[in-house]
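For reference, the chains in residue letters:
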Amino acid sequence: TAYNKQYTDWFYVWSVRSRQASANLISDSCDYILTVISPHGNPSPAVGSHTYAYHTKVIATVEAQTKSHTCTGWNGTGSVLTNGYTNTTGEIILTEIASSIEWQWASNTYTVTFDLDSKVARTGGGELVQSVSYGSSATAPIVSPNSGWVFSSWDVDFTVITGDLTVTAQYI
């Protein structure tokens, strides 16, 4: 059996001497393609199409989390299982001409906490504790200062969130 062959036609032979017919398959070498798709992370094998021999064993992986996204699994076709919920496929044995794996991702969220230091009261606007997607901005609460205090600003920028953040009210 020739595992890395794609058979394209039959070749028939009639032997006058033995008065027997024989049939042989005509084959072309065949590549087995694994296509990797991922908008985030650094998968292995890398994003793109990769050529392998028949029955090659491949384990596809990607880091579980980047700063902006978390891997939630994959969708597969061909020799790759239909779906999975981790950042590794386990062993893939390539037996289909065309296979693919598409890594799935969810945007990371971070906690932004507004600390009023008990000198002002929130009267509206954003909540004091917010869950914000990576790269998005938090919404400042509207505050009303207590007697004897004047609110001036927040101590840090919160327009592009890249991690958990505490924003503290500043007073003059």
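None of the values given here were measured: they were computed from a predicted structure.

What counts, and at which threshold
Residues numbered from 1 in each chain as written. Predicted model: local features only at pLDDT ≥ 70, side-chain atom pairs only at ≥ 80, totals over all residues. Heavy atoms only, no water. Phe/Tyr/Trp six-rings, centres within 6.5 Å; stacked < 30°, edge-to-face > 60°. Helix = DSSP H or I, 4+ residues; strand = E, 2+ residues; numbered from the N terminus. Buried < 20%, exposed > 50% of the residue type's maximum accessible area, 1.4 Å probe, protein only. Pairing = 2+ DSSP bridges. Polar contact = N/O pair within 3.5 Å; in protein donor to acceptor, adjacent residues only side chain to side chain. Contact = heavy atoms within 4.5 Å. Axes fitted to C-alpha atoms, helices over the stretch in contact; angles between N-to-C directions. Salt bridge = Lys/Arg side-chain N within 4 Å of Asp/Glu carboxyl O.

Asks: What am I meant to see in the packing of aromatic side chains here?
Replies: One pass over the full model with this rule turns up 8 aromatic pairs. Ring geometry for Tyr32 and Tyr54: centres 5.3 Å apart, planes at 65°, overall edge-to-face. A residue pair is termed long-range when its members are at least 10 positions apart, and Tyr32 in strand S3 (residues 32-37) and Tyr54 in the loop between strand S4 (48-52) and strand S5 (57-61) qualify at 22 residues. Classification of Tyr32 by relative accessible area gives buried; the value is 6%. Residue class for Tyr54 comes out partly exposed when judged on its relative accessible area of 22%. Members of the aromatic cluster, joined through ring pairs, are Phe114, Trp149, Phe151, Trp154, Phe158 and Tyr171.

Asks: How should the sheet that holds S4 be read in this particular structure?
Replies: Across a sheet, paired strands are connected by hydrogen bonds in the backbone, their directions being either parallel or antiparallel. Sheet architecture is open: 5 strands sit in the order S4-S3-S9-S6-S7, paired in mixed fashion. Each end of this open sheet is capped by a strand with a single partner; those strands are S4 and strand S7 (83-84). Inspection of the sheet shows strand S6 (residues 69-77) paired to S7 by 2 bridges, in the antiparallel sense. What sits directly across from Trp74, in S7, is Gly84.

Asks: What exactly am I supposed to notice about the side chain of His69 here?
Replies: Tracing the backbone shows His69 in strand S6. A polar contact is formed between the side chain of His69 and the side chain of His40, at a distance of 3.4 Å. Reaching out from His69, the side chain makes a polar contact with the side chain of Ser68 at a distance of 2.7 Å. Those residues in contact with His69 that lie beyond four places of it in its chain are His40, Trp105, Ala106, Ser107 and Asn108.

Asks: Got a minute to help me understand unusual backbone geometry in this structure?
Replies: With the exception of glycine, the majority of residues adopt a negative phi angle, and the majority of peptide bonds are in the trans configuration. With an omega of -5°, the peptide bond between Ser44 and Pro45 qualifies as cis. Within the secondary structure, Pro45 sits in the loop between S3 and S4. For Asp117, which is not glycine, the phi dihedral falls at a positive 55°. Structurally, the position occupied by Asp117 is in the loop between strand S10 (109-115) and strand S11 (120-125). You can call Asp117 partly exposed: its relative accessible area is 37%.

Asks: Whenever I open this one, the sheet that holds S10 confuses me. Can you help?
Replies: Across the sheet, which stays open at both edges, the 4 strands sit in the order S12-S10-S15-S14 with mixed pairing between neighbours. Each having just a single partner strand, strand S12 (129-133) and strand S14 (151-154) make up the two edges of the open sheet. On average, adjacent strands in this sheet sit at an angle of 25° to one another, irrespective of strand direction. Pairing between S14 and strand S15 (residues 165-171): 3 bridges, direction antiparallel. Following the sheet pairing, Phe151 is matched in S15 by Tyr171.

Asks: What am I meant to see in the pattern of salt bridges here?
Replies: One side chain can pair with another of opposite charge once the charged atoms of both are near each other. A complete count under the given rule lists 2 salt bridges for this structure. With a closest N to O distance of 2.7 Å, Asp117 and Lys119 form a salt bridge. Measuring nitrogen to oxygen at the nearest pair gives 3.3 Å for the salt bridge that ties Arg122 to Glu127.

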